[in-house]
Amino acid sequence: MSTPQAWYKQFWPWFLIGLPLCAVLASINLLMIAIDTKDSLVTEDYYKEGKGINIDLRKIKQAKQLGMNYLLEFDDEYVEISQQGGEKYLAALSVSFFHPTLEERDFSQIVTADANGIYRIDLTQAIEGPWEVRIEGFDQSWRIQQRVTLVDDQQYWLN
């Protein structure tokens, strides 16, 4: 007859110890990720931003009443915006691009029209994919906001 092996020389005790140990290590890893990573989508002042949504809706309704329509033409190197409807607006526009998940990619620019009434933004980085585009009058009395998925050499209607 053979003598039984010690418990630490057998497979099953180590397997049963290893399962909870893996869960503990994974939870420690997730805790470290949660501590080190900042959640940029949550704002500190969410209540005031929530109240501001009502003001934003009034600006969007104002743009619809004015009949403001813009055509956005997207290329790798630039974005051209031209007015296609409503009373001619010749003042500067505040144009903002918001990425749905990466706040550091967001950018805004105030642009003026050229002699043909076309607003042009030269791009320094590629911005293909889903974006929230916001066009606002310089006096901030109206706003057009729309989500688009930007693809090279495409046109998008913003109204």
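Please refer to the structure placed before this passage.
Read on for an overview of the structure.

The rules behind the values
- Residues numbered from 1 in each chain as written.
- Predicted model: local features only at pLDDT ≥ 70, side-chain atom pairs only at ≥ 80, totals over all residues.
- Heavy atoms only, no water.
- Salt bridge = Lys/Arg side-chain N within 4 Å of Asp/Glu carboxyl O.
- Helix = DSSP H or I, 4+ residues; strand = E, 2+ residues; numbered from the N terminus.
- Buried < 20%, exposed > 50% of the residue type's maximum accessible area, 1.4 Å probe, protein only.
- Pairing = 2+ DSSP bridges.
- Axes fitted to C-alpha atoms, helices over the stretch in contact; angles between N-to-C directions.

Across all of its chains, the model carries 5 salt bridges by this definition. Here R120 makes a salt bridge to E80, at a shortest N to O gap of 2.9 Å. Of the two residues, R120 is situated in strand β5 (residues 118–122) and E80 in strand β2 (residues 78–85); the sequence distance between them amounts to 40 residues. Judged by its relative accessible area of 42%, R120 falls in the partly exposed class. R120 is the partner of D122 in a salt bridge, and the nearest nitrogen-oxygen pair spans 3.3 Å. Here D122 falls in the exposed class, since its relative accessible area comes to 54%. Bridged by salt links that share partners, the residues K59, E136 and R143 form one connected network.

Attention now moves to the sheet that holds strand β6 (residues 129–137). One open sheet holds the 4 strands; their spatial order is β4-β3-β6-β7, and the pairing between them is antiparallel. Every other strand in the sheet has two partners, leaving β4 (107–111) and β7 (143–150) as the edge strands with one partner each. Looking at each pair of strands side by side, their axes are set apart by 20 degrees on average, direction ignored. With 6 bridges joining them, strand β3 (residues 93–98) and β6 adopt antiparallel strand pairing. When the sheet's bridge partners are listed, F98 is paired in β6 with E132.

Moving on to the pairing of β2. With 6 of its 8 residues buried, β2 lies for the most part within the structure. Both strand β1 (residues 69–74) and β2 contribute to a ladder of 6 bridges, which runs antiparallel. Residue pairing for β2: N69 is matched across the bridge by G85.

Moving on to the sheet that holds β2. Taken in spatial order, the 4 strands make up an open sheet running β5-β2-β1-β8, and their pairing is antiparallel. At either end of the open sheet lies a strand with only one pairing partner, and these are β5 and β8 (154–158). Put simply, the sheet's adjacent strands are angled 20 degrees from each other on average, direction ignored. By the bridge criterion, 5 bridges tie β1 to β8 in an arrangement that is antiparallel. The residue bridging L71 from the neighbouring strand is W157, located in β8.

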